Amino acid sequence: MERRAKIAVVGSINMDLVVTADKFPVPGETIMGETFAMIPGGKGANQAVAAARLNADVSMIGCVGDDLFGEKLIGQLRSERIDASFVKIEPGATTGVALIQVQEGGENSIVVVPGANALVTPEHVREAEAAIRGADVLLVQLEIPLPAVEAALRIAREHGVRAILNPAPARKLPPELIRLADVMTPNETEAAILATGTVEGAGSLEERIDALRRLAPDASLLVTAGENGVRTAIFGERASYPAYRVDVVDTTAAGDSFNAGVAVRWGEGADLDEAVRFGSKVGALTVTRFGAQSSLPAREEVERFEAKTRP
Ligand code: RIB
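Residues numbered from 1 in each chain as written. Predicted model: local features only at pLDDT ≥ 70, side-chain atom pairs only at ≥ 80, totals over all residues. Heavy atoms only, no water.

(A) Structural detail: unusual backbone geometry. Cis geometry marks the peptide bond from Ala 168 to Pro 169; its omega dihedral reads -5°. Here Pro 169 shows up in the loop between strand 9 (162–165) and helix 6 (175–178). Phi angles above zero are rare outside glycine, and Arg 81 is one such case at about 70°. Mapping Arg 81 onto the fold places it in the loop between helix 2 (68–79) and strand 5 (83–90). We note that Ala 253 has phi near 75°; this positive angle belongs to a residue other than glycine. Along the polypeptide, Ala 253 turns up in the loop between strand 13 (237–241) and helix 9 (254–267). Taking the relative accessible area as the measure of exposure, Ala 253 reaches 8% and is therefore buried. (Helix = DSSP H or I, 4+ residues; strand = E, 2+ residues; numbered from the N terminus. Buried < 20%, exposed > 50% of the residue type's maximum accessible area, 1.4 Å probe, protein only.)

Below, the structure is given as structure tokens:
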């Protein structure tokens, strides 16, 4: 048995309010949907839960409001054996919510109202320094304020903890923040926004990777491209990894589970090449089920998964 990875996650915690409908409404239109569900989500919490189900020891650092959603989401983290002692309950704040619509074929659209996630501060992150210092890998995303993201990355750098920055949702970042990441995991759109600030005119995937490498020459890049797999630049070496063939139900949290898979295998001692293959399997299994945390696979399922690549 390989050693268990220790993962620290600094990020968002949301309650997802999910509806299904057979199409997306256009502005001004009202349409009838089919189903409604409340499912624990948030990119940070999804990555934490995914890593815990893959057998890692996980600490979560973030904020919820002092409301029913906050209470429920902390309970959910604890039920997954995650150390939630650095999840703060912010008096008077509402817990983050995401309004998600999933349409037939699994495509989604998401509006996030950050609530308490917007109150994560560098001081709060520094209070959790011991959890970050003790981790094999730090995972951060962009659903909390940038100063908190930067504080987490700085602590990791200071203690030699490897840091994965999942730049989602996309925004242009200061180069000094980008340079604190050892690995960056944008999807194709996020790669464009990071590289040039917009999607239009960002050029091919290779050009986006070139631009990102100029911004962060030392970071490894793992760019996810949905059914086209993952394109990487690991220590400058480019490689392509095919996507696995699965029946897509809902793509929500696919990126989160990929990130968690990479972090866990890397934290267990595998190299990034193997970690990307493992993360791709975790992501593939996630899209076969509905919802965010409801869709995250257990380690045994990933080990059993007979991966067939897309033709
Ligand atoms: O990545 C998926 C997540 O994005 C959802 O769970 C939702 O909460 C939004 O943060």
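(B) Summary view of the site of the ligand. Around the ligand sit Asn 14, Asp 16, Gly 41, Gly 42, Lys 43, Asn 46, Ala 98, Val 112, Glu 143, Ala 253, Asp 256 and Ala 292, and those are all the residues in its vicinity. At 2.9 Å, a backbone N or O of Gly 42 approaches an oxygen atom of the ligand. Note that an oxygen atom of the ligand is positioned 3.0 Å from one of the side-chain N or O atoms of Asn 46. Within the complex, the protein chains bury 96% of what would otherwise be the 280 Å² of accessible surface of the ligand. The set of elements that each furnish at least two residues to the shell around the ligand consists of strand 2 (14–21) and helix 1 (43–53). When its residues are assigned to classes, the shell around the ligand shows 4 nonpolar, 4 polar and 4 charged. (Near = heavy atom within 4 Å. Polar contact = N/O pair within 3.5 Å; in protein donor to acceptor, adjacent residues only side chain to side chain. Areas by Shrake-Rupley, 256 points an atom, 1.4 Å probe, with all protein chains shown as cover. Nonpolar A, V, L, I, M, F, W, Y, C, P; charged D, E, K, R; others polar.)

(C) Molecular detail of a nonpolar patch on the surface. A cluster of nonpolar side chains, namely Val 19, Phe 36 and Met 38, defines an oily patch on the protein surface of about 290 Å² accessible area. Structurally, Phe 36 can be placed in strand 3 (residues 35–41). On the accessibility criterion, Phe 36 (55% relative accessible area) is exposed. (Patch = residues over 30% accessible without salt bridge, like charges linked within 9 Å, V, L, I, M, F, W, Y side chains within 5 Å. Salt bridge = Lys/Arg side-chain N within 4 Å of Asp/Glu carboxyl O.)

(D) Geometry of the pattern of salt bridges. Under the criterion given, the structure shown has 17 salt bridges. Linking Arg 231 and Glu 206 is a salt bridge whose minimum nitrogen-to-oxygen distance equals 2.7 Å. Placement of the pair is Arg 231 in strand 12 (residues 230–234) and Glu 206 in helix 8 (residues 205–215), with a sequence separation of 25 residues. We classify Glu 206 as partly exposed; its relative accessible area is 28%. One salt bridge connects Glu 303 with Arg 299, and the closest N-O pair in it is separated by 2.6 Å. Of this pair, Glu 303 and Arg 299 both sit in helix 11 (residues 299–304), 4 residues apart, which is roughly one turn of that helix. The exposed category is assigned to Glu 303, whose relative accessible area is 52%. Each member of the salt-bridge network shares a partner with another, and the members are Arg 265, Glu 268, Glu 274, Arg 299 and Glu 303.

(E) Main features of the environment of Glu 2. Topologically, Glu 2 is positioned in the segment before strand 1 (6–10). On the basis of relative accessibility, which here comes to 42%, the residue Glu 2 falls in the partly exposed class. In the structure, Glu 2 is positioned 263 residues away from Arg 265 in sequence and 9.9 Å away in space, judged by C-alpha atoms. The contacts of Glu 2, once residues within four sequence positions are left out, are Arg 265 and Glu 268. (Contact = heavy atoms within 4.5 Å.)

(F) Spatial organisation of the packing of helix 9 against helix 10 (residues 272–286). Between helix 9 and helix 10, the shortest axis-to-axis distance is 7 Å and the interhelical angle comes to 145°. For the pair helix 9 and helix 10, the sense of crossing is right-handed. Residue-level inspection shows Ala 254, Ser 257, Phe 258, Gly 261, Val 262, Arg 265 and Trp 266 of helix 9 in contact with helix 10, the latter providing Leu 272, Glu 274, Ala 275, Val 276, Phe 278, Gly 279, Ser 280, Val 282, Gly 283 and Thr 286. A per-class count over the contact of helix 9 with helix 10 returns 9 nonpolar, 6 polar and 2 charged. (Axes fitted to C-alpha atoms, helices over the stretch in contact; angles between N-to-C directions. Left-handed = near helix turned anticlockwise from the far one by under 90°.)

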